[in-house]
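Chain residues, written in single-letter form:
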Amino acid sequence: MKGIAVYLSEPLTEETIDSIRKMRTIGFTSIFTSLHIPEDDPSLYTERLRALGGLARQLEMELVADIAPTSLAALGKTWDDAGTLSEWGVTGLRVDYGVTPKQVADLSRQLMVALNASTVTAEELNAMKAEGLILENVEAWHNYYPRPETGLDRNWFNDKNAWLHGQGICVQAFIPGDGQLRGPLHATLPTLEDHRGQSPFACYLELEASVDRILIGDPSLSENSIRQFAAYQEGVIVLRATGQGDNPLLKSVHTNRMDPARDVIRSVESRAYGRPGNGLLEPATLSDRPVGSITIDNLRYGRYAGELQITKRDLTADERVNVIGRVIEADRALVKQIGPGGRFRLE
């Protein structure tokens, strides 16, 4: 499950609404918003949350709000009636400090409750269960970290998630955006420090198998990243690359072989290009093949001529192999995500 962040410090403009609709069409089904803005005009605060909740309902999207006692007060609510925010389109509340185990348990009977994944302990979870916590309505959400060098350590993150999953709790994490970045630091909003400033799509694929919900922490994605997420809806990984873009092999969707090679991605479809009558490729200047190199076997490789490959590790030059391009640095991590039978397209 994947989602976006919409911050109530900004008005819900037509441009923002159009962006939310666009993200919904490419499979983003959750909206996260932060209500930690006590200095804002409470009436404006309430108006924007209601408007966002109405849009979420219209688009059949979940709306999860990060909330604190001061936020509730600004909305004219308390912990006792926080569950009534569901009437505004809110489907879940992320709670942290200042909430008792009983209050969390009570909320879990009304809507989804997201605990702080990084700080929740076994003792706290047991106390909530003793108060009647509905575990099926509980998730564990990690924070995002605006300041560089403060994002989570990957090994610690994995260990914590393993424990949470062992408790039967779904886990969420944030990945960075690469469009409009949130201030004041504009240094992206990831959960993992390793992900800061990295390709959102690459970060998503890396986390897809290990967490249950992935949210873009920053307000938007670039058009390039949006195209990658859109293509992935059809099961295709788009790799952005530089090189000989006019080559006919680079204009279609390719499939990695079902018997995957250790060193390279091998296109099933490309071999037809090298058959007799299709114009065997002449040898080109010798070039090394660092990770992400896009190559075509030339006529010196005999029956392999015409095969398109992408290198998964650094390889030396080979007179039988022409190097025609390279995947850009931001997308090289995606190469190893293309498994047996995986489909990809070069852009």
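I will try to describe carefully the structure that is included in this document. Since the structure is predicted, the reported quantities are computational estimates derived from the model, not experimental observations.

Remarks on the sheet that holds strand β1 (residues 2–5)
In spatial order, the strands read β1-β2-β3-β4-β5-β6-β7-β8; together these eight strands close into a barrel with parallel pairing. Strand-to-strand twist in this sheet, taken as the mean axis angle between neighbours without regard to direction, amounts to 25°. One ladder, built from two bridges, connects β1 with strand β8 (residues 213–216); its direction is parallel. Across the sheet, residue G3 finds its bridge partner in β8, namely L215.

Comments concerning the sheet that holds strand β15 (residues 321–327)
Strand order in the open sheet formed by five strands is β10-β15-β13-β14-β12, and the pairing between neighbours is antiparallel. Looking at which strands have only one partner, the edges of the open sheet turn out to be β10 (241–243) and β12 (264–266). Each neighbouring strand pair of the sheet contributes to a mean axis angle of 30°, computed without reference to strand direction. Relative to strand β14 (residues 308–311), strand β13 (residues 293–297) runs antiparallel, the two being bridged by three bridges.

As for the pairing of strand β6 (residues 138–141)
Strand residues, when the strand is regular, have side chains that alternate between the two faces of the sheet. Side chains V138 and A140 of β6 all project onto a buried face; the interleaved residues E139 and W141 project onto the opposite face, where all are buried too. Bridge count for strand β5 (residues 112–116) against β6 is four bridges, and the pairing is parallel. Within the sheet, the bridge partner assigned to L115 lies in β6 and is A140. In this view, the connection linking β5 to its parallel neighbour β6 by way of helix α5 (residues 122–130) has right-handed handedness. You can see the chain leave β6, run along helix α6 (residues 154–166) and come back into strand β7 (residues 170–175), and the turn it takes is right-handed.

A look at the environment of A272
Within the secondary structure, A272 is located in the loop between β12 and β13. It is 55 Å that separates the C-alpha atoms of A272 and L93, two residues lying 179 residues apart in sequence.

Quick word on the packing of aromatic side chains
Throughout the structure, instances matching the rule amount to nine aromatic pairs. Look at F32 and W141: their rings are 6.0 Å apart centre to centre, the planes differ by 45°, and that puts the pair in the tilted class. Taken together, the residues F32 in strand β2 (residues 28–34) and W141 in strand β6 connect sequence positions 109 residues apart. Here F32 matches W141 in class, with each residue buried. Taken together, the ring pairs connect F28, F201, Y204, F229 and Y232 into an aromatic cluster. Its end group placed over the ring of F28, K2 keeps NZ or CZ at 5.4 Å from the ring centre. The ring of Y7 carries R182 above its face, with NZ or CZ at 3.7 Å from the centroid.

So, α6
Over its 13 residues, α6 extends 18 Å from the first C-alpha to the last, a length consistent with the 18 Å expected when each residue adds 1.5 Å. Packed against the buried residues of α6 are β6, β7 and α7 (200–207). For α6, the N-terminal cap is D153; the gap from its side-chain oxygen to the backbone nitrogen of N155 is 3.1 Å. Positive phi appears at G168, one or two residues downstream of α6, with a value of about 80°.

Thresholds, definitions, all that
Residues numbered from 1 in each chain as written. Predicted model: local features only at pLDDT ≥ 70, side-chain atom pairs only at ≥ 80, totals over all residues. Heavy atoms only, no water. Pairing = 2+ DSSP bridges. Helix = DSSP H or I, 4+ residues; strand = E, 2+ residues; numbered from the N terminus. Axes fitted to C-alpha atoms, helices over the stretch in contact; angles between N-to-C directions. Buried < 20%, exposed > 50% of the residue type's maximum accessible area, 1.4 Å probe, protein only. Right-handed = clockwise from strand over helix to strand, strands pointing away. Phe/Tyr/Trp six-rings, centres within 6.5 Å; stacked < 30°, edge-to-face > 60°. Lys NZ or Arg CZ within 6 Å of the ring centre and 35° of its normal. Expected span 1.5 Å × (residues − 1). Contact = heavy atoms within 4.5 Å. Polar contact = N/O pair within 3.5 Å; in protein donor to acceptor, adjacent residues only side chain to side chain.

Just distances and angles here, no functional claims.
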